[in-house]
Every structure is written in structure tokens, then in C-alpha cells.
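Commentary on secondary and tertiary structure
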Amino acid sequence: MTIRVWDYLSEYATEREDILDAVETVFGSGQLVLGPSVEGFEAEFAAYHGVAHCVGVDNGTNAIKLGLEALGVGPGDEVITVANTAAPTVVAIDGTGATPRFVDVRAEDQLLDTALLEAAITERTRAIVPVHLYGQCVDMDAVNAVAARHGLRVLEDCAQAHGARRHDRLAGTMGDAAAFSFYPTKVLGAYGDGGATITRSAETAEALRRLRYYGMAERYYVVRTPGHNSRLDAVQAEILRRKLRRLDTYVAARREIAARYAEGLGDTELVLPSVTAGNEHVYYLYVVRHPRRDEILAELAKQDIELNVSYRWPVHTMSGFAHLGYGPGSLPVTEHLATEIFSLPMYAALDKRRQDDVIDALRRTLGAR
């Protein structure tokens, strides 16, 4: 049987009764769009983070896009982020009409190198989107200090960092707003697409609610453009309400799996994940490094073990973003990391037997004793 890098079926077998009850709750409510399930999830997700507002949207990409628009970002502006992220981060920035601008990352934790932020700012810069990659937080004190000096807005990309903390502050609570994805693979995953943007600002939240609903202030009356049809599905919201109660349990399970990998692979040639001081990692992905990455992937595939590369192509090297003018060598750390990184199976329901099979196969492939 193939060991997959991610699999929801074990979780579903355990949580099936609750998931199906969530579906029945919505279908029996008489309200299939927005309504009590969406409102309930928004209130509970905001409360989990200790912020005043959560606005549910249809996916994580639009959580970023609408979040930036609500913060005043639009055509002619520039937004600083990183290129070693899922392409949707940058697609969302591009979708506002703004121009993405990239800074490099640190090799040790693969997070935004805040020492490079200041040099990337121009007179057109309007916002920074720090990406809390793989499950741990960027140095937000440094990001916010730069933003404050230059009058910039900060929107945290928390798609991979549900429940992560830095100096005991939750990811998503350290900027002007924060965007989350609930794609099924996430630490808090739906059973389909979903997203949300959280904020402490009532003004930003109101703008978000209008943006996700055609720009309407009330039914059938548009007060601002552009507007979007970007509502969080009620069924997914009700499922997320149930799963939110188990989020801390999912995080604990992922940390236990990460600890087993560290114990089983710590004496091999692999470069294992580094947790930055002050961070509490949630291990959305367990990303390791090796210069013979592609050989290792091919060998484990022969043994029915599925690994993944997140991400093989830095965004600035993609043909769709060639117009931004970032040639080879412009982000040297990002580009080098992309040749070595790969992800091991990681999800809360991964059992010890399958994980041990992964560890044993890697040790054999690497020639570890």
C-alpha cells in the first residue's frame, strides 16, 4: 500500500460521524449560503485568535487578495513578499493590480530575511506579506518595525501556520490582518476549499464583508468596486467549526510526528527542519534538505512512498512572472533551497508504523547505519 505524503481518509474514519452531522446541520437549517454556520465559525475562529473580526471567504487565495484590497492595496502599488511560497500568495497580490516585489530568505529556517526588507522598499510600496512557511512564524517584530517606519500595511500569510506561535503570540495576530487557507491538507483543513481573513479593525472587517459579497452594503446595492463573489461555503464552515475544537490536538500530533522524524533521521545526511528561537512550529509540512533530492524521491517512489517538493520552482522563476524582471541569481538562497528541499509524509493521523516505514526507507537509501 502506498504511503502518501498526505491522506485524509484515516482522519475521516475517526471523525466521520461529526463531519456528516455538520453536513446535516447545514442541510436542515434552511439557509445554505452564509447564515448561522458561517457566522458561528467566524466568531469562534476570531475568538481562538483573540481578535475581534473574522470574515470567511471561498479560499485562501482570496483571503489574501481581499485582505490586501481591504487594507487599501490596488493598481500601481507594490507589495513585498517572498518567492519560496505557494504561487497563490503571489497570484493574490497580482490579482489586486499591485506588483509583487521579492526579498530573499534565510537558509536556516527558509523564512523571509527581514534584514533585506528595507532595501526592497520604494515610493510605490504599500504593504508587506510575510509568509509563515511550513508551520512557523516570520520575525514579526522586525517586519512591523520596518512597516511602521515606512507607513506600510502588513498582512500575514498564515495558510500554513494555523496554531503556530512566536513568543506566545498566535500567527495571524501580529499584523494589520491575516489570511488563512482551509484547503484540505492544512493543519485546519476543510473537506473542500475555504479561507478566512482576520483582523482587529472594524473598518477592515467591514470592507472585507462588502468585498466578498459583490461590494454590497445591503442586498442588491453595491457601494464599492471591485466586488467579488467570495463567500465561505456554509457546509465547509460547519465542518470547520467542529474541527476547530480539535485544532490543538492536531498540532500536538504533528509535533509528535516531527519529533519521531528527528529521532529517526537525526544522524543521517538530511538537513532537518530548524525551529527558530521564540517559535512554536506546527509542522504543516516536514521539509528536509539533501543535494541528491531527486534521486531520493525516485528511490522511495519505487518503494511506494510518496514524497513532495514544496516548492520546486520559486515563483520569480516561473514564466508567468517573468515580466517582473527577476533573473537567475536574483534570489540566491531561495534558488539554492529549491534544488534540495522535499517533504516527508505529515498529517495528524499518520500512524507510527507507516512513519517508521518512511524512516527505514530513507535510512536505507542514504546508507545510514
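The structure we're discussing is the one just above.
Counting restarts for each chain, with residues numbered from 1 along the sequence as it is written. Predicted model: local features are reported for residues with pLDDT of at least 70 only, side-chain atom pairs are reported and counted for 80 or more only, and whole-chain, interface and lining totals are derived from all residues. Neither water nor hydrogens contribute to the side-chain values; these are computed over all heavy atoms in the structure.

Across the sheet, 7 strands lie side by side as E1-E9-E8-E5-E4-E2-E3; this open sheet has mixed pairing. Of all strands in the sheet, those bounded by a partner on one side alone are strand E1 (53–57) and strand E3 (99–103). Pairwise comparison of adjacent strand axes, ignoring direction, gives a mean angle of 25° for this sheet. Pairing between strand E2 (residues 78–82) and E3: 5 bridges, direction parallel. Residue pairing in the sheet places Glu78 in a bridge with Thr99 of E3. Packing against the sheet, helix H7 (residues 202–212) makes contact with E1 and strand E9 (195–199), and its axis sits at approximately 15° to E1. Here the rule is simple: two strands pair whenever DSSP picks up at least two bridges between them. Each helix is a run of H or I in the DSSP string that is no shorter than four residues. Each strand is a run of E no shorter than two, and both are numbered from the N terminus. Angular values range over 0 to 180 degrees, each being the angle between N-to-C directions of two axes fitted as lines to C-alpha atoms, with helices fitted over their stretch in contact. Two residues qualify as a contact provided that any one of their heavy atoms is within 4.5 Å of a heavy atom in the partner residue.

The next subject is the side chain of Asn279. Within the element layout of this structure, Asn279 appears in strand E12 (residues 279–280). Only protein chains enter the area calculation, which uses a 1.4 Å probe; residues under 20% of their type maximum are buried, those over 50% are exposed, and those in between are partly exposed. On the accessibility criterion, Asn279 (9% relative accessible area) is buried. At 3.0 Å, the side chain of Asn279 and the side chain of Gln136 are in polar contact. As used in this structure description, the phrase polar contact means that two N or O atoms lie within 3.5 Å; if the pair is within protein, one of them must be able to donate a hydrogen and the other to accept it, and residues adjacent in sequence are counted only when both atoms belong to side chains. Looking at Asn279, its side chain comes within polar contact range of the main-chain oxygen of Cys137, at 2.9 Å. Apart from residues lying up to four places away in sequence, Asn279 is in contact with Leu111, Gln136, Cys137, Arg165 and Arg166.

Paired rings are identified among Phe, Tyr and Trp, the last through its six-membered ring, by centres lying within 6.5 Å, and are further divided according to the angle between planes into stacked (under 30 degrees), edge-to-face (over 60) and tilted (the rest). Following the criterion strictly, the structure yields 11 aromatic pairs and no others. A ring pair is formed by Phe41 and Phe45, whose centres lie 5.2 Å apart and whose planes are at 25°; its orientation type is stacked. A residue pair is termed a helical-turn pair when its members lie 3 or 4 positions apart in one helix, as Phe41 and Phe45 do in helix H2 (residues 35–49) at 4 residues. Here the aromatic rings of Phe45 and Phe180 are separated by 5.0 Å at their centres, their planes lie at 90°, and the arrangement is edge-to-face. With Phe45 in helix H2 and Phe180 in strand E8 (residues 177–181), the pair connects residues that are 135 residues apart, well separated along the chain. In this pair, the class of Phe45 matches that of Phe180, namely buried. Ring pairs connect the aromatic residues Trp6, Tyr8, Tyr12 and Tyr191, which therefore count as one cluster.

As a further point, take the pairing of E3. In terms of burial, E3 is a largely internal element, 4 of the 5 residues being buried. Handedness of a crossover is defined as follows: orient the strands so they point away from the viewer, and if the path from the first strand over the helix to the second runs clockwise, the crossover is right-handed. On the question of chirality, the crossover connecting E2 to the parallel E3 by way of helix H4 (residues 87–95) is right-handed.

Before going further, it helps to spend a moment on the packing of helix H9 (residues 247–265) against helix H12 (residues 352–366). Two elements in contact, H9 and H12, have axes separated by 10 Å at closest approach and are oriented at 30°. As far as their axial angle goes, H12 and H9 are roughly parallel. In the crossing of H9 with H12, the sense of the turn from one axis to the other is right-handed. Residues Glu256, Ile257, Arg260, Tyr261, Gly264 and Leu265 of H9 lie in contact with H12, whose contacting residues are Lys352, Gln355, Asp356, Val358, Ile359, Leu362 and Arg363. We call two directions roughly parallel when the angle between them is under 35 degrees, roughly antiparallel when it is over 145, roughly perpendicular when it lies between 65 and 115, and oblique otherwise. A clockwise turn of the near helix away from the far one marks a right-handed crossing, whereas an anticlockwise turn of less than a right angle marks a left-handed crossing.

Now for the nonpolar core. Here, nonpolar core refers to any group of buried Ala, Val, Leu, Ile, Met, Phe, Trp, Tyr and Cys residues whose side-chain atoms link them within 4.5 Å. In terms of nonpolar packing, the biggest core is built from 83 residues, with Phe45, Phe182, Tyr261, Phe342, Leu344 and Leu362 touching the most fellow members. Excluding anything up to four places from it in sequence, Phe182 contacts Phe41, Phe45, His162, Leu188, Gly189, Ala190, Gly192, Gly194, Gly195, Ala196 and Leu240. Of all hydrophobic cores here, the second largest spans 22 residues; its members include Val57, Leu68, Ala70 and Leu155.

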